[in-house]
Amino acid sequence: MSTSPLQKPREWKPLEQRKCTDIPWLLLFILFNVGMLCICGFAIATGAASRLISGYDSYGNTCGQKNAKIPGIELSGHDHTSRKYVFFLDPCNIDILRRKMKSVALCVSKCPDAELKTYEDLTKFSTANGSDLCSYDVQPNMYSSHPNRVTKCPTLPVHPSASLPVFHRCIPVDISCYAKFAEAFITFVSDNSVVHRVIAGVMTSKDIIMGLCLLALVLSLILMVVIRYISVVLVWILTAVVVVGSIGGTGILWWLYVDHSKSVNASLTALELEVAKDNQKALLIYAIAATVFTVILLLLMFFMRKRVALTIALFHVAGKVFTHLPLLALQPFWTFLTLMLFWVYWITVLLFLGSAGLSEQMNETGLVEFKMDGPLQYMVWYHAVGLIWISEFILACQQMTVAGAVVTYYFTRDKSQMPFTPIVSSVLRLMRYHLGTVVKGAFIITLVEIPRLILTYIHSQLKGKENACARCMLKACICCLWCLEKCLTYLNMNAYTATAINSTNFCTSARDALFILAENALRVAAINSVGDFVLFLGKVLIVSCTAFAGVLALNYQREYTVWVLPLIIVCVFSFLVAHCFLSIFEIVVDVLFLCFAIDTKYNDGSPGREYYMDKALMEFVENTRRATEQYSKTEGDRQEMKAMTGSTVA
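Along every chain, residues carry numbers that run from 1 in the direction the sequence is written. A pLDDT threshold of at least 70 governs which residues receive local features in this predicted model, and a stricter bar of 80 or more applies before side-chain atom pairs are shown or counted, although totals over entire chains, interfaces and linings include all residues. Based on all heavy atoms of the structure, the side-chain values leave hydrogens and waters out of the count.

**Things to note about the overall build of the protein**
The helix count covers DSSP runs of H or I at least four residues long, the strand count covers runs of E at least two residues long, and both are numbered beginning at the N terminus. A count of helical and extended segments in the protein gives 17 helices and eight strands. Classification of residues uses two cut-offs on accessible area relative to the type maximum, computed with a 1.4 Å probe and protein chains only: under 20% is buried, over 50% is exposed, and between them is partly exposed. Burial statistics for the protein: of 650 residues in total, 40% are counted as buried. Contacts are assigned to residue pairs that have any heavy atoms within 4.5 Å of one another. Pairs at least 24 apart in sequence give 70% of the contacts found in the protein among residues at least 6 apart. As displayed, the protein has an accessible area near 35,400 Å², and 67% of this comes from carbon and sulfur atoms. Each accessible area is a Shrake-Rupley estimate made with a 1.4 Å probe; only the visible protein chains count as cover when residues are assessed.

**Side note on the pattern of salt bridges**
Salt bridge, as used here: a side-chain nitrogen of Lys or Arg that lies within 4 Å of a carboxyl oxygen of Asp or Glu. Tallied over the full model, the rule gives seven salt bridges. Among the ionic pairs, Asp113 bridges to Lys110, the shortest N-O distance being 3.7 Å. Given the relative accessible area of 52%, Asp113 is considered exposed. We note a salt bridge from Glu449 to Arg452, for which the minimum N-O separation is 4.0 Å. Taken as a pair, Glu449 and Arg452 lie in helix 12 (residues 422–461) at a separation of three residues, close to a single helical turn. Across this residue pair, the class does not change: Glu449 and Arg452 are buried. Taken together, the shared-partner salt bridges in this structure form one network comprising Glu449, Arg452 and Glu485.

**Observations regarding the packing of helix 13 (residues 468–502) against helix 14 (residues 506–519)**
What counts as an axis is a line fitted to C-alpha atoms, over the stretch in contact for a helix, and the angles between N-to-C directions run from 0 to 180 degrees. With their axes 8 Å apart at the nearest point, helix 13 and helix 14 run at an angle of 110° to one another. By the angle class used here, helix 13 and helix 14 are roughly perpendicular. The segment helix 13 lies against helix 14, with Tyr490, Leu491, Asn492, Asn494, Ala495, Tyr496, Ala498 and Thr499 engaging Phe506, Ser509, Ala510, Ala513, Leu514 and Leu517. Any residue that is not Ala, Val, Leu, Ile, Met, Phe, Trp, Tyr, Cys, Pro, Asp, Glu, Lys or Arg is counted as polar, Gly included; the first ten are nonpolar and the last four charged. Of the residues belonging to the contact of helix 13 with helix 14, the class tally is ten nonpolar, four polar and no charged. An angle below 35 degrees is read as roughly parallel, one above 145 as roughly antiparallel, one from 65 to 115 as roughly perpendicular, and any other as oblique.

**A look at the environment of Ala513**
Mapped onto the fold, Ala513 is located in helix 14. Excluding anything up to four places from it in sequence, Ala513 contacts Asn494, Ala495 and Leu594.

**Some thoughts on the packing of aromatic side chains**
To describe a pair of aromatic rings, you give the distance between the ring centres and the angle between the ring planes. Only rings of Phe, Tyr and Trp enter the pairing, Trp through its six-membered ring, and a pair is recorded when the two centres are within 6.5 Å. The plane angle decides the type: under 30 degrees is stacked, over 60 is edge-to-face, the rest tilted. Counted by the stated rule, this structure contains 14 aromatic pairs. Ring centres 5.7 Å apart and planes at 75° place the aromatic pair Phe333 and Phe581 in the edge-to-face group. On the criterion of sequence distance, the pair formed by Phe333 in helix 10 (residues 331–354) and Phe581 in helix 16 (residues 564–602) is long-range, its members being 248 residues apart. Taken together, Trp25, Phe29, Phe32, Tyr382, Trp389, Phe393 and Phe443 form an aromatic cluster joined through their ring pairs. One cation-aromatic arrangement involves Arg149 over Tyr119; the distance from NZ or CZ to the ring centre is 5.5 Å. Whether a charge lies above a ring is judged from NZ of Lys or CZ of Arg, which has to be within 6 Å of the ring centre and within 35 degrees of the ring normal.

**Some thoughts on the state of the cysteines**
Two cysteine sulfur atoms form a disulfide, by the criterion used here, when they sit within 2.5 Å. In the structure shown here, the tally under the stated rule is three disulfides. One disulfide in the model links Cys111 with Cys170; its S-S distance is 1.9 Å. In this structure, the disulfide formed by Cys111 and Cys170 twists by about -75° around the S-S bond and is classed as left-handed. One end of the pair, Cys111, is in the loop between strand 4 (105–108) and helix 3 (119–129); the other, Cys170, is in strand 6 (residues 170–172), with 59 residues separating them in the sequence. Residue classification places Cys111 among the buried residues on the basis of a relative accessible area of 9%. Covalently, Cys134 is tied to Cys153 through a disulfide, its sulfur atoms 2.1 Å apart. Disulfide Cys134-Cys153: the torsion about the S-S bond is 115°, which places it as right-handed. Of this pair, Cys134 sits in the loop between helix 3 and helix 4 (149–152) while Cys153 is found in the loop between helix 4 and strand 5 (161–163), placing the two residues 19 residues apart along the sequence. Here Cys134 and Cys153 have matching classes, each one buried. Cysteine Cys213 is unpaired, with the sulfur of Cys571 as its nearest cysteine sulfur at 9.9 Å. Cys213 sits in the buried class, given a relative accessible area of 12%.

**Considering the side chain of Asp590**
One can find Asp590 in helix 16. Buried charged residue Asp590 carries no salt bridge. Nearest counter-charge: Lys539, at 11 Å. Setting aside residues no more than four positions away along its own chain, Asp590 makes contact with Tyr490, Asn494 and Asn528. For the purpose of charge, His is not counted, nor are the chain termini; Lys and Arg are scored as positive and Asp and Glu as negative.

**As for the nonpolar core**
Judged by nonpolar contacts, the single largest core of 79 residues is most densely connected at Val321, Leu328, Phe585, Val588, Leu592 and Leu617. No other element matches helix 16, which puts 17 residues into this core. Non-local contacts of Val588, meaning those with residues more than four positions away in its chain, are made with Ala318, Val321, Phe322, Leu328, Val402 and Val406. Buried Ala, Val, Leu, Ile, Met, Phe, Trp, Tyr and Cys residues form a nonpolar core when they are joined through side-chain atoms within 4.5 Å. Counting 29 residues, the second largest nonpolar core, distinct from the first, contains Leu75, Phe88, Leu106 and Phe125.

**Topic: helix 3**
Along helix 3, the positions that sit buried rather than exposed are Tyr119, Leu122, Phe125 and Ser126. The buried residues of helix 3 occupy an angular sector of 115° when projected down its axis, which confines them to one face. Relative to its buried face, helix 3 has exposed residues pointing more than 90 degrees away, namely Lys124, Thr127 and Ala128. Of the surrounding elements, those touching the buried residues of helix 3 are helix 4. Just beyond helix 3, the residue with positive phi is Gly130, at close to 70°. This arc is taken over the directions from the axis of the helix to the C-beta atoms.

**Overview of the confidence of the model for the protein**
For every residue, the pLDDT score states the predictor's confidence, bounded by 0 at the bottom and 100 at the top. With 77% of its residues at a pLDDT of 70 or more, the protein has an overall mean of 78. Confidence, read as mean pLDDT per element, is least for helix 5 (residues 176–185) in the protein (50) and greatest for helix 1 (residues 23–45) (91). Predicted confidence for residues 1–9 stays below pLDDT 50, and this span has five contacts to residues more than four positions away or in other chains. In the predicted structure, residues 181–195 sits below a pLDDT of 50 and forms 14 contacts with residues beyond four places in sequence or in another chain.

**Description of unusual backbone geometry**
Residue Pro157 is reached from Leu156 by a cis peptide bond, and omega for that bond is -5°. Relative to the helices and strands, Pro157 resides in the loop between helix 4 and strand 5. A positive phi angle, near 55°, is found at Asp22, a position not held by glycine. Within the fold, Asp22 resides in the segment before helix 1. Residue classification places Asp22 among the buried positions, given a relative accessible area of 11%. A positive phi angle, near 60°, is found at Ser503, a position not held by glycine. Residue Ser503 is classed as buried on the basis of its relative accessible area of 1%.

**Here's the deal with a nonpolar patch on the surface**
To count toward a patch, a residue needs a relative accessible area over 30% and no salt bridge; like charges are then connected within 9 Å, while nonpolar side chains (Val, Leu, Ile, Met, Phe, Trp, Tyr) are connected within 5 Å. Together, Leu327, Leu330, Phe333, Trp334, Leu337, Leu341, Val424 and Leu428 give the surface a local cluster of nonpolar side chains, amounting to about 740 Å² of exposed area. Elements with a minimum of two residues in the nonpolar patch: helix 10 and helix 12. Counting residues per element, the nonpolar patch draws most heavily on helix 10, which supplies four residues. Relative to the assigned elements, Leu330 resides in the loop between helix 9 (305–324) and helix 10.

See below:
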């Protein structure tokens, strides 16, 4: 790192000094969360919480309480103290595009627990239970003869329903009602009975699905420990596959080009001759491009072959880290649990806001809906920003926690002197000193993610309406923002590592980490390419093993013939589990690399400047040093021979 005469070079003092970083950003984040809580309090104070939990009918009345009259709404202002449940006249009538139920809702005192096939059954149910299932202006004795009974009474037959535990809604217990929606999404199914068999099969195989998901979890944990023993094999298999695949693909393209050249002759018609020449030209372009790509790839692999050994060594040490710090494997659990709790809170407040608006009667239906106008819309936008920022903050806390634990492991010479629980120590350091740093890093990601999501939403809304140029520009902007987000995420991770080492603020840590990464650009490229692909192979291995076990398990359940959906569920879940755990492994590798780069930059193994690194990394350094010395000696002998030859000629 070049420095001016007046600027001192960065002195890396791992774990020696601790101080609070980025305090203004922490204060800003606290104020932002106070605003989030104020929005929640506003929604509760305006009655939206009770309206959401207790439910409300299509005329603006909240179930389970007395209601004030809404001007212009004839059936509003009812006393529903005894009517605590929301009943939908047609619960299966859902507008999929608008994601809302189109049915009229009423407040009733009891959900129907048996099937009601006729209007006489509705009258009997009302008489026996005091629960009127038709509109408030229709008396029970008029259910069979009322001229508007088709619209004011429920659709027959009325399926048995039960109320939700917290939200007082009468929901049909028969899933066949909801199978109709699956049929709307699964357009390729011509036989509707297939959908019913699939849904029933999933319910039948739920024990097998849960067992296979647990198997994916166990396989992920095992792979994180044993990957250090198989990393050498995986890396060289990957290298062989890439070399053979690129050379073989290039050879096939040239063979196809030659074969098409021979097939072009005068016996073809004019149209066939034109098509053949176009194909021949396309194959020539593809073959040339593949040749250039293969040559560049082989040259890169040749120059980076020694750096692949560093990737193998880092994987080996990362496996050791997990054996010394087993609580690292639990980080995905805590992060996922925290995210789920926050998302549940966020969705609940959003639903509060959705029912906190002013009541408005729809002209086409005459029913009441609550509209979010004016300040409520700004609250929703504020709430949406909170979703992204706080979610990124939670993920950043995970990264900082892992970085702090790995830094403690790396820079502790005597491993027996490490804290009893480095993970807990890292969490405490984060909460005491560095919350402002992760807040700032999360905010930077949020600034990039918000416009990307807005452009993605605009692109989805304008699909089929915009011209090709606008569509291409939108996709290009989305792609550029996505790439920028990934680069910033990687830089943030290394900034957190630098903060964990040196206790510097976010900008200083990001600058120092960027200089270190720039000095080791080829090593970074090797680790991110080879390492990421090895981890991808690990994910594929876990998904394949889980899917194979699923086929064997479902094979013994002969009464269930449709295997597609359970296997898809298992494969998706196993990939997500493998991604969560191996992403922790990836973070560990990235942290180890930055620690290694700092270690080799400021230490040389001499007395007083001993290396901190593990034995595997030490062997890599020694091998690299011997190779460098051998190369320097060879170059010196060559120069000496040239000098002797020149003097002899003279």
